[in-house]
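Given next are the chains, with one letter for each unit.
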Amino acid sequence: MIATDRALGDDMLEIADSARITAGVVLLTVVGIEYGGWFLLKVVTGKAPATDFQKSFFRAGHAHAGVLVILGLVCVLLAQATHLTGFWHWLAATGVLWGAVLLPGAFFLSATGRGRTEPNRWRALFPVGAVAIGAGVVTLAVGLLRG
């Protein structure tokens, strides 16, 4: 539950241990996103060979990773303000985070291979990631709207 302790003059946000640990682990993934940015810089400066298709997929993968991790962290916190329990709480809190792995993974993995000009079989991760994100945000929205 999100709460502040005004009586003690402490404005520290209180969240469940599971949400705190999840957020901490997710914040560590930012280092991986930074590595992706470094790799992308090598690609766009010609220091790492890539086709135009690969450049566009690598850019999209990096952008999706950054945005979805931020949205996923917000969802972890907002899920604390719902009365959802069990599977539904887990989905509301982590659905976007699963999508933050699957969708960027689809971009990067489906573009791997020297000289690739079209996605490989890893493109199957695109709909899986999209479903995870959609299910997570809809479940969270319903949980928030129901109070």
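All of these numbers come straight from a predicted model, not from anything done at the bench.

Asker: Help me understand the pattern of salt bridges, please; the structure alone is not making it clear to me.
Answerer: Pairs can form between side chains of opposite charge once their charged atoms are near each other. Tallied over the entire structure, the rule returns 1 salt bridge. A salt bridge links Arg-20 to Asp-17; the shortest N-O distance between them is 3.3 Å. With Arg-20 and Asp-17 both in helix H1 (residues 17-28), this residue pair falls 3 residues apart, about one helical turn. A relative accessible area of 45% places Arg-20 in the partly exposed class.

Asker: What's the story with H1 in this structure? I'm lost.
Answerer: Since one α-helical turn is 3.6 residues long, residues separated by three or four positions face the same way. Between its terminal C-alpha atoms H1 stretches 17 Å, which fits the 16 Å expected from 12 residues at 1.5 Å a residue. Every buried residue belonging to H1 is among Ala-19, Ala-23 and Val-26, and all of these are buried. Looking down the long axis of H1, one finds its buried residues gathered within 65 degrees of arc, a one-sided arrangement. Facing away from the buried surface of H1 by more than 90 degrees, the exposed residues are Asp-17 and Leu-28. Looking at the packing, one finds that the buried side of H1 touches helix H2 (30-44), helix H3 (52-79) and helix H4 (86-110).

Asker: Explain a nonpolar patch on the surface to me, please; I cannot follow it from the model alone.
Answerer: Taken together, the side chains of Ile-70, Leu-71, Val-74, Leu-78, Val-137, Val-138, Val-142 and Leu-144 present a nonpolar region at the surface, about 600 Å² in accessible area. Elements represented by at least two residues in the nonpolar patch include exactly H3 and helix H5 (125-146). Positionally, Leu-144 belongs in helix H5. Judged by its relative accessible area of 34%, Leu-144 falls in the partly exposed class.

Asker: Would you explain the nonpolar core in this entry?
Answerer: The nonpolar side chains of soluble globular proteins are, as a tendency, buried together. With 34 residues, the main nonpolar core has Phe-57, Leu-68, Val-69, Leu-103, Phe-107 and Phe-126 as its most contacted residues. Put simply, the parts of the chain that give this core at least two residues each are H1, H2, H3, H4 and H5. A total of 11 residues in this core trace back to one element, the largest contributor, which is H3. Aside from chain neighbours lying at most four places away, what touches Phe-57 is Phe-107, Ser-110, Ala-111, Pro-119 and Phe-126.

Asker: Please clarify how the packing of H1 against H3 should be interpreted in this entry.
Answerer: Packed helix pairs are specified by the crossing angle of their axes together with the interaxial distance, meaning the distance between the axes. Two elements in contact, H1 and H3, have axes whose closest approach is 10 Å; the angle formed by their N-to-C orientations is 170 degrees. In terms of their interaxial angle, H1 and H3 are classed as roughly antiparallel. Seen from H1, the contacting residues are Ala-19, Thr-22, Ala-23, Val-26 and Leu-27; seen from H3, they are Val-69, Leu-73 and Val-76. Within the contact of H1 with H3, the residues separate by chemical class into 7 nonpolar, 1 polar and no charged.

Parameters at a glance
Note on numbering: residues in each chain are counted from 1, in written sequence order. Two thresholds apply to this predicted model, a pLDDT of at least 70 for residue-level local features and 80 or more for giving and counting side-chain atom pairs, whereas whole-chain, interface and lining totals are computed over all residues. Remark: hydrogens and water are excluded; side-chain values derive from all non-hydrogen atoms of the structure. When a carboxyl oxygen of Asp or Glu lies within 4 Å of a side-chain nitrogen of Lys or Arg, that pair is called a salt bridge. Put simply, DSSP marks the helices as runs of H or I at least four residues long and the strands as runs of E at least two long, and each gets a number from the N terminus on. Exposure is judged per residue with a 1.4 Å probe applied to protein chains only, and the accessible area is read against the type maximum: over 50% gives exposed, under 20% gives buried, and values in between give partly exposed. Multiplying 1.5 Å by the residue count of a helix minus one yields the expected span of that helix. The reported arc concerns the directions from the helix axis to the C-beta atoms and nothing else. Throughout, a contact is declared for two residues whenever any of their heavy atoms are within 4.5 Å. Only residues whose relative accessible area exceeds 30% and that form no salt bridge are eligible for patches; like-charged ones are grouped when within 9 Å, while nonpolar side chains (Val, Leu, Ile, Met, Phe, Trp, Tyr) are grouped when within 5 Å. Reported accessibility uses the Shrake-Rupley method at a 1.4 Å probe radius. Residues are deemed covered only where the shown protein chains occlude them. Residues enter a nonpolar core if they are buried and are Ala, Val, Leu, Ile, Met, Phe, Trp, Tyr or Cys, with the set joined through side-chain atoms within 4.5 Å. For every element, the axis is a line fit to its C-alpha atoms; helices are fit only across the contacting stretch, and the angle between N-to-C directions ranges from 0 to 180 degrees. Working rule for angles: under 35 degrees goes down as roughly parallel, over 145 as roughly antiparallel, 65 to 115 as roughly perpendicular, anything else as oblique. Amino acids are sorted into nonpolar (Ala, Val, Leu, Ile, Met, Phe, Trp, Tyr, Cys and Pro), charged (Asp, Glu, Lys and Arg) and polar (every other residue, Gly among them).

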